[in-house]
Amino acid sequence: MLRQDAIAAMVGFWRSVEEIKVINDYQVVFRMKQPATTMPYAASRCGELRIVSKAQWDKEGLEGFEKRPAGTGSYQYVTRQVAQSIIFERVENHWRGERPDFPELEIRFVPEDSTRLATLLNGEAHIVDLPRELQPEALSRGMKILSSKLATDW
């Protein structure tokens, strides 16, 4: 996030980091150049900060991480098309015993609100983020509105 060639959406936020201090194996302190009330969001799973495997990074660098990012979740990375989509597949026999309902998960990046609505209504997507003004159309076509109970998730 701090590299000059970083292209993440929140790169401006992360460039306001003045200092990063490792306290121990489980704690990190970010000192910002100015107050940062969005830090809980930025550091959550909704933000773009990802903690990655140091062993993989030391061994393979950015190139290895780009091709096959290590993780411990119930889905594993398959492939991506930059700025278009990311595809994951379910991890069978996950170490935590989790077994998501869907064998594959594709996240598509669709910037236009009306296009997201069209993909939902045409069955190309199962869930989308819609602005309030487009929600009545989705509701009138039998869709439901889902709300998160987590403060940092939409």
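Before reading further, recall that the structure is shown in the block above.
The rules behind the values
- Residues numbered from 1 in each chain as written.
- Predicted model: local features only at pLDDT ≥ 70, side-chain atom pairs only at ≥ 80, totals over all residues.
- Heavy atoms only, no water.
- Helix = DSSP H or I, 4+ residues; strand = E, 2+ residues; numbered from the N terminus.
- Contact = heavy atoms within 4.5 Å.
- Core = buried A, V, L, I, M, F, W, Y, C linked by side-chain atoms within 4.5 Å.
- Buried < 20%, exposed > 50% of the residue type's maximum accessible area, 1.4 Å probe, protein only.
- Pairing = 2+ DSSP bridges.

### Side note on the environment of S85
- You can see S85 is positioned in strand 4 (residues 85-90).
- Note: C-alpha distance between S85 and V29 (56 residues apart in sequence) is 32 Å.
- With near-sequence residues (within four places) excluded, S85 lies in contact with R80, E106, I107, R108 and F109.

### Notes on the nonpolar core
- Core analysis: the biggest nonpolar cluster contains seven residues, these being M10, F13, W14, V17, M32, M39 and A42.
- When residues of this core are traced back to their parent elements, those giving at least two are helix 1 (11-14) and helix 2 (39-42).
- Apart from the residues within four sequence positions on either side, F13 is in contact with M32, A36, T38, M39 and A42.

### Quick word on the environment of Y41
- On the secondary structure map, Y41 appears in helix 2.
- Separated by 39 residues in sequence, Y41 and R80 have C-alpha atoms that sit 24 Å apart.

### With respect to the pairing of strand 1 (residues 17-24)
- Direction of pairing for strand 1 relative to strand 2 (residues 27-32): antiparallel, over a ladder of six bridges. Pairing of K21 across the sheet is with V29, part of strand 2.
- Connecting strand 1 to the antiparallel partner strand 2 that follows it, the hairpin turn spans two residues.

Read these as layout, nothing more, since geometry by itself doesn't imply function.
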